[in-house]
Amino acid sequence: MTTTERSTLALLGGTPLFPGGLPLTRVQVPDMPGVLRRVEAILESGQLTNGAVVRELEERAAEYLRVPHVVATASCTAGLMLVLRALCGGPIPAPRARVLMPSFSFSATAHAAAWVGAEPVFADIEAQRLTVDPVDVSHKLDDVAVLMGTHVYGNPCAVDELAQLADARGIPVLYDAAHALGSRHGDVPIGGFGVAEVFSLSPTKVAVAGEGGLVATRDSGLADELRMTRNYGNPGNYDCAVAGLNARMSELHAAVALASLADLEARIARRAELVAAFVAEIAGVPGVRSVLPADGDRSTFKDLTLVVDADRCGLDAGDLAAALSWEGVDTRHYFHPAMHRQQVYARNLPAPDLPVTEALAPAVITVPLWSHMETSVVVSLARLIAEIMASAAKVEQALSAGSVRA
Ligand SMILES: *Cc1c(COP(=O)(O)O)cnc(C)c1O
């Protein structure tokens, strides 16, 4: 990754710091020869699905997560749908079961509920780690069939507080753990909390399969049901009692996932180092903070996300994204707009009262991070953000004068 010497910010007439571009993320699939050997064996066997490689992946993941059952699926979204169907559907999903979840999550969290005929009901988030707020949840549990939390960016939710609230009312808790394969609450891996936790292996996550999901659960009845419903609902004799999906993971995807799981710990350790270097560098910039897990918890740092306090910085997250774009830096606003503000839910559901989400969703910006990034890159990126903020007035002026990217 080359950076250029220049006199001023690109937006103000300088040359871009990352002329070749700095993408948001880069996939690392280790042990390519090993993956290719396995893929060759799968193709030679002719068993492309329902085979031994998916079973091996499920066993390895169960060991890693310290749970008795892991069921591999075609995606995290499909895994969430199947678990929600089991928890609030009948043979055909029951209409309008209420599923309480944070609005501040990826759209798939609510979509999974919508696809099983349930109604997403939105809760607010905690300001520090941006995960669902147990206090707001405690006010919204009436008539709720399932409580969901998302381990946002890999930050574990307040799992103990949520368990206490839900257990007292006999409400099952389901975690969207798409970002959190390798996260820990204290010493306990994310994967064993709630009724089930569903991980994603899609390409922007830290462990990848190409596409894929893993459902972790301690409930053997639920695991058996998921094995059936991911396979059309076929109990083995083609006399379906449930309207299932084809949500199986293929053997080819499992081959990639096994390699990705094998050195996941090393990648997570490296990401933690990179984030620590970034956080140390950005510490002196007023009004900008990195979103970090609670004390004692471990994040995968699936994303490196900042919250920008526009009043203190003189620039908002959108301005920062624009200035970074001039430098060749790719960013996202994960998760803005929050789900309750997206057309599909804003038009069709009552407007919820979510003050923290309303304040923070427009203030987030996710910046590039990948596991094999060099430390110098993340340090340059932090210094660049500091430089942009130090020139806030000029940046604001250039942006409002309509400087458009060349
Ligand atoms: C990526 C993601 C999903 C969807 O995962 P897929 O495997 O692509 O279906 C769900 N929830 C969150 C929070 C995600 O980031």
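Residues numbered from 1 in each chain as written. Predicted model: local features only at pLDDT ≥ 70, side-chain atom pairs only at ≥ 80, totals over all residues. Heavy atoms only, no water.

**A few points about helix α8 (residues 251-262)**
Alright, step 1. A rise of 1.5 Å per residue sets the reference length of α8, with its 12 residues, at 16 Å; its end C-alpha atoms lie 17 Å apart and thus fit the reference within 8%.
Alright, step 2. Taken across its 12 residues, α8 has 9 buried, putting it largely inside the fold.
Alright, step 3. Of all the positions in α8, only Glu251, Ala254, Ala255, Val256, Ala257, Leu258, Ala259, Ser260 and Leu261 are classed as buried.
Alright, step 4. Structurally, α8 contributes buried residues whose contacts are with α1 (32-45), α2 (52-65) and α9 (264-282). (Helix = DSSP H or I, 4+ residues; strand = E, 2+ residues; numbered from the N terminus. Expected span 1.5 Å × (residues − 1). Buried < 20%, exposed > 50% of the residue type's maximum accessible area, 1.4 Å probe, protein only. Contact = heavy atoms within 4.5 Å.)

**Side note on the sheet that holds strand β10 (residues 288-290)**
Alright, step 1. Taken in spatial order, the 3 strands make up an open sheet running β10-β11-β12, and their pairing is antiparallel. Two strands bound the open sheet, and with one partner strand each, they are β10 and β12 (364-367). Taking each pair of neighbouring strands and ignoring which way they run, the sheet shows an average axis angle of 30 degrees.
Alright, step 2. Sheet topology places β10 next to strand β11 (residues 304-308); 3 bridges connect them, and they run antiparallel. From the neighbouring strand, Arg289 faces β11, where its bridge partner is Val307.
Alright, step 3. Strands in contact with α9 are β10, β11 and β12; relative to β10, the strand with the most contacts, it is inclined by about 160 degrees.
Alright, step 4. The strands touched by helix α14 (residues 375-390) are β10, β11 and β12; relative to β11, the strand with the most contacts, the crossing angle is about 15 degrees. (Pairing = 2+ DSSP bridges. Axes fitted to C-alpha atoms, helices over the stretch in contact; angles between N-to-C directions.)

**Looking at the environment of Ala392**
Alright, step 1. Tracing the chain through its elements places Ala392 in helix α15 (residues 392-400).
Alright, step 2. Residues Ala392 and Leu320, 72 residues apart in the sequence, show an inter-C-alpha distance of 9.2 Å.

**What about the site of the ligand?**
Alright, step 1. Taken together, 13 residues surround the ligand, and among them Thr77, Asp176, His179, Ser200 and Lys205 come closest.
Alright, step 2. Thr77 places a side-chain nitrogen or oxygen 2.5 Å from an oxygen atom of the ligand.
Alright, step 3. Between a nitrogen atom of the ligand and a side-chain N or O atom of Asp176, the distance comes to 2.7 Å.
Alright, step 4. Burial of the ligand by the protein amounts to 90% of the accessible area it has alone, namely 380 Å².
Alright, step 5. When the residues that make up the shell around the ligand are grouped by side-chain class, the tally is 4 nonpolar, 7 polar and 2 charged. (Near = heavy atom within 4 Å. Polar contact = N/O pair within 3.5 Å; in protein donor to acceptor, adjacent residues only side chain to side chain. Areas by Shrake-Rupley, 256 points an atom, 1.4 Å probe, with all protein chains shown as cover. Nonpolar A, V, L, I, M, F, W, Y, C, P; charged D, E, K, R; others polar.)

**Observations concerning the packing of aromatic side chains**
Alright, step 1. Tallied over the full model, the rule gives 4 aromatic pairs.
Alright, step 2. Relative to Phe335, the ring of Tyr153 has its centre 6.1 Å away and its plane inclined at 15 degrees; by these criteria the two rings are stacked. Linking Tyr153 in the loop between β4 (144-150) and α6 (159-169) with Phe335 in the loop between α11 (317-326) and α12 (343-346), this pair joins segments that are 182 residues apart in sequence.
Alright, step 3. Overall, the relative accessible area of 1% leaves Tyr153 in the buried class.
Alright, step 4. Owing to a relative accessible area of 6%, Phe335 belongs among the buried residues under this scheme.
Alright, step 5. Members of the aromatic cluster, joined through ring pairs, are Phe104, Tyr153, Tyr334 and Phe335.
Alright, step 6. Lying across the ring of Trp370, Arg26 places its NZ or CZ 4.9 Å from the centre. (Phe/Tyr/Trp six-rings, centres within 6.5 Å; stacked < 30°, edge-to-face > 60°. Lys NZ or Arg CZ within 6 Å of the ring centre and 35° of its normal.)

**So, the pattern of salt bridges**
Alright, step 1. Under the counting rule described, the total for this entry stands at 17 salt bridges.
Alright, step 2. We note a salt bridge from Glu58 to Arg227, for which the minimum N-O separation is 3.0 Å. One end of the pair, Glu58, is in helix α2; the other, Arg227, is in helix α7 (residues 220-229), with 169 residues separating them in the sequence.
Alright, step 3. Judged by its relative accessible area of 6%, Glu58 is buried.
Alright, step 4. Given the relative accessible area of 30%, Arg227 is considered partly exposed.
Alright, step 5. The closest approach of N and O atoms between Arg85 and Glu225, which form a salt bridge, is 2.4 Å. Here the residue Arg85 occupies a position in helix α3 (residues 76-88), and Glu225 occupies one in helix α7, the gap between them amounting to 140 residues.
Alright, step 6. Residue class for Arg85 comes out buried when judged on its relative accessible area of 6%.
Alright, step 7. What you see here is one network of salt bridges that share partners, running through Arg38, Glu56 and Arg60. (Salt bridge = Lys/Arg side-chain N within 4 Å of Asp/Glu carboxyl O.)

**Details of the packing of α2 against α8**
Alright, step 1. Between α2 and α8, the least distance of the axes is 8 Å, while the angle of their chain directions is 30 degrees. Accordingly, the angle class assigned to the pair α2 and α8 is roughly parallel. Every pair of crossing elements has a handedness; the one defined by α2 and α8 is left-handed. Facing α2, whose interface residues are Ala52, Val53, Val54, Glu56, Leu57, Arg60, Ala61 and Tyr64, α8 presents Glu251, Ala254, Ala255, Ala257, Leu258 and Leu261.
Alright, step 2. Grouping the amino acids of the contact of α2 with α8 by side-chain chemistry returns 11 nonpolar, no polar and 3 charged. (Parallel < 35°, antiparallel > 145°, perpendicular 65-115°, else oblique. Left-handed = near helix turned anticlockwise from the far one by under 90°.)

**Concerning a nonpolar patch on the surface**
Alright, step 1. On the surface, Leu43, Leu48 and Leu252 cluster together to form a nonpolar patch covering roughly 240 Å² of accessible area.
Alright, step 2. Position of Leu48 relative to the elements: it lies in the loop between α1 and α2. (Patch = residues over 30% accessible without salt bridge, like charges linked within 9 Å, V, L, I, M, F, W, Y side chains within 5 Å.)

**Observations concerning the pairing of β4**
Alright, step 1. With 6 of its 7 residues buried, β4 lies for the most part within the structure.
Alright, step 2. Where strand β2 (residues 98-102) and β4 come together, 3 bridges link them in parallel fashion. Its bridge partner lying in β4, Val99 is registered against Val146.
Alright, step 3. Where β4 and strand β5 (residues 173-176) come together, 4 bridges link them in parallel fashion. What sits directly across from Thr150, in β5, is Asp176.
Alright, step 4. What joins β4 to β5 is α6, and the crossover it makes is right-handed. (Right-handed = clockwise from strand over helix to strand, strands pointing away.)

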